[in-house]
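# Inside the fold
Chain by chain, the residues:
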Amino acid sequence: MKLLSFDIESCTGSHNDASLCSFGYVTADEFLNIKEQEDLLCNPKPAHFRLRPYSKKRQTEGITLAYSEKVFRRRPKFPGIYPIVKGLFDEADVAVGFSIENDVQFLNNACVEYGLPPVSYKFLDVRQIVELLYGTKYGCGLKTIAENLEIAGDSHRSDEDARVTLEILRFVLKDQSMTLSEFVSAYGIKFGQVNAEGYSNMVSEKGLKAQLDEGRLTRRQKNGIFEEYVKRVCRNLVPVSEKMKGQRISFSDKFVRDSLDEARSFVKAVYLSGGKFDLSGERANLYVRVSSYDDSEKIQKLKTDYPKMKFCTYGEAKKEVGPFETEDFSSFDLKALVRVASRPNRLK
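Note that the structure is predicted; figures quoted are calculated from it, not measured. (Residues numbered from 1 in each chain as written. Predicted model: local features only at pLDDT ≥ 70, side-chain atom pairs only at ≥ 80, totals over all residues. Heavy atoms only, no water.)

## Focus: the sheet that holds strand β5 (residues 121-125)
Taken together, seven strands build an open sheet; the order of strands is β3-β2-β1-β4-β5-β7-β8 and the sheet is mixed. Looking along the sheet, the strands with just one partner apiece sit at the ends: β3 (34-41) and β8 (198-200). The average undirected angle you get between the axes of adjacent strands in this sheet is 25 degrees. Examined bridge by bridge, strand β4 (residues 94-97) and β5 share three bridges and lie parallel to one another. The partner of V96 across the bridge, within β5, is L124. Contacting β1 (3-10), β2 (20-28), β4, β5, β7 (192-195) and β8, helix α3 (residues 100-113) runs over the sheet at an angle of about 75 degrees to β1. On top of the sheet, helix α4 (residues 126-134) reaches β4 and β5; it is set at about 40 degrees to β5, its chief contact. (Pairing = 2+ DSSP bridges. Helix = DSSP H or I, 4+ residues; strand = E, 2+ residues; numbered from the N terminus. Axes fitted to C-alpha atoms, helices over the stretch in contact; angles between N-to-C directions. Contact = heavy atoms within 4.5 Å.)

Given below as structure tokens:
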């Protein structure tokens, strides 16, 4: 298995202005023996570099580049390095990155802006692997994780970030006493995929199951599971009464975040009573107020934005649909979570 670990730097941080200015890479075999390392620089399209400064108020790290703007301006435009970049992906079996979604979009945008064929590849996201196995034990960002694992590197030099990413993966494999192929098989990993239509993220069924079992689902995952349940289960239910006929309800997504099972059980009861749930919230004609999430300011804004919408409390809505019990959805959740994680994303 031939690996290509890569990292991209942008002169603006934007995904839509051909701001890619460096493509750093490391090639390696399945056992992570490094074969080649290089930092390919190019002259980005934007007229000005716009790098995020350090923010003491927000406690965010500033973005700095390893080279001066003059160095980048003396290099060729992206089409000048494109044949090398595409050749690297064509020769690799799997690409490796850290928070790779940003790099996927930077690379695709550069291809689009210069009218070049998109690059297709499958990938592993090391940040996602670390998060699934260790949570935040070693931190979240590449620099923090590397420091906690005592891995040295020149931060924001693309080829060094690519190498450090590979070293973090090496730590994971050593910690698990596995080769990469064994790890992929043991954790049920489905590679992320990039093609001309878009991209899908890497998925680990075993890792997702651990998240479920340990109650470590993110807000995005909970919302995704809730949406899957409404679409695949609730919309196929046959009403047993008409108590809520004509009502298209909505409520705060914080209810889903904090009480996913109760929210689903309630929505199921609404459908069995002849009502529906509006996932977008824009076509709802009845907003159910869950007191702990809906302050007066929010309600007033909803009344202004949707003057025809009616309101009721959660207690009133429960009384209308009749008694229901909070169900156990464990048999549904893992499959739903895998579907959510595998959803295709359009490239910008």
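That covers the picture; the talk isn't over yet.
## A word on the packing of aromatic side chains
In this description, a pair of aromatic rings is defined by centroid distance and the angle of the planes. All chains considered together, the criterion is met by 27 aromatic pairs. Among the aromatic residues, those joined into a ring-pair cluster are F226, F251, F255, F266, F277, Y293, Y314 and F324. Above the face of the F311 ring, K303 is positioned so that its terminal group lies 5.5 Å from the ring centre. (Phe/Tyr/Trp six-rings, centres within 6.5 Å; stacked < 30°, edge-to-face > 60°. Lys NZ or Arg CZ within 6 Å of the ring centre and 35° of its normal.)

## Let's talk about helix α6 (residues 158-176)
The terminal C-alpha atoms of α6 lie 27 Å apart, and with 19 residues this matches the ideal 27 Å at 1.5 Å per residue to within 8%. Within α6, 14 of the 19 residues are buried, which leaves the element mostly enclosed by the surrounding structure. Phi for S177, located one or two positions after α6, is positive at around 55 degrees. (Expected span 1.5 Å × (residues − 1). Buried < 20%, exposed > 50% of the residue type's maximum accessible area, 1.4 Å probe, protein only.)

## Describing the side chain of D7
As for its position among the elements, D7 is in strand β1. No salt bridge is formed by the buried D7, whose closest oppositely charged neighbour, R157, lies at an N-O distance of 10 Å. Other than its neighbours up to four places away in sequence, D7 contacts S22, F23, G24, D103, S158, D161 and A162. (Lys, Arg positive; Asp, Glu negative; His and termini not counted. Salt bridge = Lys/Arg side-chain N within 4 Å of Asp/Glu carboxyl O.)

## Digging into the confidence of the model for the protein chain
Averaged over every residue, the pLDDT of the protein chain is 91; residues scoring 70 or more account for 96%. Note on residues 54-60: pLDDT is under 50 here. Beyond four places in sequence and across chains, it has six contacts. (pLDDT = per-residue confidence, 0-100.)

## Considering α4
Along an α-helix, residues three or four apart share an orientation, since each turn contains 3.6 residues. Those residues of α4 lying buried are V126, Q128, I129, V130, L132 and Y134. Residue D125 occupies the N-cap position of α4, its side-chain oxygen lying 3.0 Å from the main-chain nitrogen of R127. Positive phi appears at G135, one or two residues downstream of α4, with a value of about 60 degrees. (Polar contact = N/O pair within 3.5 Å; in protein donor to acceptor, adjacent residues only side chain to side chain.)

## Quick notes on the sheet that holds strand β10 (residues 248-250)
Spatially, four strands are ordered β11-β10-β12-β13 in an open sheet, and the strand pairing comes out parallel. Both outer strands of the open sheet, β11 (276-277) and β13 (310-313), are each paired with one neighbouring strand and no more. Of the strand pairs in this sheet, β10 and strand β12 (residues 286-289) are connected by two bridges, and their pairing is parallel. From the neighbouring strand, I249 faces β12, where its bridge partner is L286.

## Quick word on the pattern of salt bridges
Scanning all chains against the criterion turns up 23 salt bridges. Linking E228 and R343 is a salt bridge whose minimum nitrogen-to-oxygen distance equals 3.3 Å. With E228 in helix α9 (residues 219-232) and R343 in the segment after α14 (330-341), the pair connects residues that are 115 residues apart, well separated along the chain. Judged by relative accessible area, which is 28%, R343 ranks as partly exposed. Across the pair D278 and R283 runs a salt bridge, and its minimum N-O distance is 3.8 Å. A relative accessible area of 3% places D278 in the buried class. Connected via shared salt-bridge partners are E227, E228, K231, R232, R339 and R343.

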